[in-house]
Amino acid sequence: MSGRPMRVLCTVTGSRSHIHALRPLARALADAGHDVLIATTADLAHASAATAGPAHVLGAVGLENAIGAGPRVVACLPDLQAFIRDSGRSPGPPGRAGEDPWPPFILDMLAGTTDTAWPALLAVAEGWRPDVIVRDGMDLAGILVAERLGVPHLSMPSGTANVLPPASVLSALNRLRAAAGLPACDDPRSVAPCGRIDYVPEHYSFACHRIPALRYRQPLDRDPAAVLPAWVTGAAPGRPLVYAAIGSTAREVASGHKPSPAREVAATDEPSPAREVAAAHGPSSGFPHPERALRALIEGLSLLPCTAVVATGGVPLGDIRAAPHVHLAEWVPQPLLLECADLFVTHGGYNSVREAMRTATPMVVLPLFGDQPHNARRVAALRLGCQAGGQSGEAVAAACRAVLSDRSVQGVARAARLAMLTLPGVEQVVADLERLVRER
């Protein structure tokens, strides 16, 4: 680097929750005097600018000025949600052994978007010349660009990257390498030769593989302007406060895909990949319908003696009616509410799971798609909560009663938070990336 600031190219290709994971890291690097450029989609560009600190949204040109003054943002990557919607494809039914159909489907979709993302990201990178790439876990183009430029790359905390076997990614990556004129590699470690970044301790890892990780404490990523609604203080004394949410991409999923026919899964069914898919999507599989999950949340919490807050994520409510003690809002500041919640009923997105671990909040997981079924099983295995036995109000209520009545779950959640607090803060990434670049 010859004493100059590092140039760090970051990519965000998933949802707004991926921006939340990147924001503290980007701020730490910019605060240390390094130049940070965030490459993302058009839809996420302004959200990235709003959350990454002082930032400017740039076009694909003029990158010679993209230095200093905090992270910068360039909209150059294809929209993954739009690509999936326009493809007309959906995950197939579970395999004969009950294999989860989502990981191979996700990998196929990621490889498909890379055909467009790779040349666009390469043009940005060749104009800006980064020293290191910190890529979204759903971004394969970042690997190709790093290999073309000969710079190191690491992936951000990612539920998707957690569930994709490196050997499977390698096969898809070698096809992409061939199309990009890059040499193939037979070593699965080439998917992440410098490792990855994660925000949970190794004992509580959600990864299905052993790719080494730089581990930092899950940041308390609060919006300084955010406040809880005043009616939260009206919670009935002695009743638990339960917070429920179905994720930041629920509205897009609800509007972009037609629900499949569905059947109920009994609350006594043992969770399995096959049952999870059938519960969320119906026997013909396909994309989830968040309206059904939202109905289960509201109906289930209406059966409990609690004060409940449900973040609808903008999913239309239709004829869903909530009991008086169940408060509905399109959005609430989740990190703040988790600090005082007794239970979190969640879709199981990896960002939400980490935030709950950071606040020692027990979980009930009602997974919809992607890595969420895996995360639900891992939450149960770690005894940080349990998975709801089906997408019905009765199943949600039964799971909530079980977790709220089990004091040992709260003890395990506190132990997980304590382990997380032993990790260094995300500011340590500055020294770690400086060392990585220096030693290349």
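Note that the structure is predicted; figures quoted are calculated from it, not measured.

## Regarding the pattern of salt bridges
Thought 1: Applying the stated rule across the entire model yields ten salt bridges.
Thought 2: With a shortest N-O distance of 3.1 Å, Asp-198 and Arg-196 are connected by a salt bridge.
Thought 3: The exposure class of Asp-198 is buried, given its relative accessible area of 0%.
Thought 4: The partner of Glu-299 in a salt bridge is Arg-295, and the shortest N-O contact between them spans 3.5 Å. Placement of both Glu-299 and Arg-295 in helix 10 (residues 290-302) is noted, with a separation of four residues, approximately one turn of the helix.
Thought 5: Since its relative accessible area comes to 34%, Glu-299 is described here as partly exposed.

## Considering the packing of aromatic side chains
For any pair of aromatic rings, geometry is given as the distance between the ring centres together with the angle between the planes.
Thought 1: A complete count under the given rule lists four aromatic pairs for this structure.
Thought 2: Residues Trp-102 and Phe-369 carry aromatic rings whose centres are separated by 6.0 Å and whose planes lie at 50 degrees to one another, so their mutual orientation is tilted. Within this pair, whereas Trp-102 is found in helix 4 (residues 102-128), its partner Phe-369 is found in the loop between strand 13 (363-365) and helix 13 (372-382), the two being separated by 267 residues in sequence.
Thought 3: Take Trp-102: its relative accessible area is 3%, and that puts it in the buried class.
Thought 4: Residue classification places Phe-369 among the buried residues on the basis of a relative accessible area of 16%.
Thought 5: Arranged with centres 5.7 Å apart and planes meeting at 50 degrees, the rings of Phe-206 and Tyr-350 form a pair that is tilted. Linking Phe-206 in the loop between strand 7 (196-198) and strand 8 (213-215) with Tyr-350 in helix 12 (residues 350-358), this pair joins segments that are 144 residues apart in sequence.
Thought 6: Given the relative accessible area of 0%, Phe-206 is considered buried.
Thought 7: In this structure Tyr-350 comes out as buried when scored by relative accessible area, which is 4%.
Thought 8: Ring pairing ties together the aromatic residues Trp-102, Phe-105 and Phe-369, which thus form one cluster.
Thought 9: Above the ring of Tyr-350, the side-chain terminus of Arg-354 is found at 4.7 Å from the ring centroid.

## A look at the packing of helix 10 against helix 14 (residues 393-405)
Thought 1: Across the interface, helix 10 lies against helix 14 with an axial gap of 7 Å and an inter-helix angle of 55 degrees. The angle between helix 10 and helix 14 places the two elements in the oblique class. Between helix 10 and helix 14 lies a crossing of right-handed hand. Contact residues: helix 10 offers Ala-296, Leu-297, Glu-299, Gly-300 and Leu-301, while helix 14 offers Gly-393, Val-396, Ala-397 and Cys-400.
Thought 2: Split into classes, the residues belonging to the contact of helix 10 with helix 14 amount to six nonpolar, two polar and one charged.

## With respect to the nonpolar core
Thought 1: In terms of nonpolar packing, the biggest core is built from 72 residues, with Leu-9, Leu-121, Val-145, Leu-301, Val-345, Val-364 and Cys-400 touching the most fellow members.
Thought 2: Tallying contributions element by element places helix 4 first for this core, with 14 residues.
Thought 3: Counting residues in hydrophobic clusters, the runner-up holds 30 residues, among them Met-6, Ala-45, Met-156 and Tyr-216.

## Quick word on the environment of Leu-301
Thought 1: Structurally, Leu-301 is set in helix 10.
Thought 2: Residue Leu-301 is classed as buried on the basis of its relative accessible area, which comes to 0%.
Thought 3: Linking Leu-301 and Tyr-243, residues 58 residues apart in sequence, is a C-alpha distance of 9.6 Å.

## Describing the sheet that holds strand 13
Thought 1: Strand order in the open sheet formed by six strands is 11-10-9-12-13-14, with parallel pairing between adjacent strands. Looking at the sheet topology across the chains shown, the edges are occupied by strand 11 (326-329) and strand 14 (385-387). Taken pair by pair, the neighbouring strands of this sheet meet at an average axis angle of 15 degrees, ignoring direction.
Thought 2: Direction of pairing for strand 13 relative to strand 14: parallel, over a ladder of three bridges. Each bridged residue has a counterpart across the sheet, and for Val-365 the counterpart in strand 14 is Gln-387.

## Some thoughts on the state of the cysteines
Thought 1: Per the counting criterion, the structure on display carries zero disulfides.
Thought 2: This cysteine, Cys-306, is not joined by any disulfide, and Cys-400 carries the nearest cysteine sulfur, 7.5 Å off.
Thought 3: On the accessibility criterion, Cys-306 (1% relative accessible area) is buried.

What counts, and at which threshold
- Within any chain, residue numbers begin from 1 and follow the written order of that chain's sequence.
- Only residues with pLDDT of at least 70 get local features here, since the model is predicted, and only at 80 or more are side-chain atom pairs given and counted; chain-wide, interface and lining totals rely on the full set of residues.
- Computation of side-chain values covers all heavy atoms of the structure but excludes hydrogens and water.
- Should a side-chain nitrogen of Lys or Arg be within 4 Å of a carboxyl oxygen of Asp or Glu, the pair is scored as a salt bridge.
- Buried residues are those whose accessible area, probed at 1.4 Å on protein chains only, stays under 20% of the maximum for their type, while exposed residues exceed 50% and partly exposed ones sit between those limits.
- Comment: elements are numbered from the N terminus, with helices defined as DSSP H or I runs of at least four residues and strands as E runs of at least two.
- Geometry of aromatic contacts follows a simple scheme: Phe, Tyr and Trp rings, the Trp one being its six-membered ring, pair when their centres are within 6.5 Å, and the pair is stacked under 30 degrees between planes, edge-to-face over 60, tilted otherwise.
- We call a charge positioned above a ring when the Lys NZ or Arg CZ atom is no farther than 6 Å from the ring centre and deviates by at most 35 degrees from the ring normal.
- Axes, fitted as lines to C-alpha atoms, cover a helix only where it is in contact. Angles between the N-to-C directions of the axes lie from 0 to 180 degrees.
- Working rule for angles: under 35 degrees goes down as roughly parallel, over 145 as roughly antiparallel, 65 to 115 as roughly perpendicular, anything else as oblique.
- Should the near helix be turned anticlockwise from the far one by less than a right angle, the crossing is termed left-handed; should it be turned clockwise, right-handed.
- Contacts are residue-level and defined by heavy atoms, with any inter-residue pair within 4.5 Å sufficient.
- Gly counts as polar in this scheme, as do all residues outside two lists: the nonpolar Ala, Val, Leu, Ile, Met, Phe, Trp, Tyr, Cys and Pro, and the charged Asp, Glu, Lys and Arg.
- Here, nonpolar core refers to any group of buried Ala, Val, Leu, Ile, Met, Phe, Trp, Tyr and Cys residues whose side-chain atoms link them within 4.5 Å.
- Pairing between two strands is assigned when DSSP locates at least 2 bridges connecting them.
- Working definition: a disulfide is two cysteine sulfur atoms within 2.5 Å of each other.

Shape descriptors only; they carry no functional weight alone.
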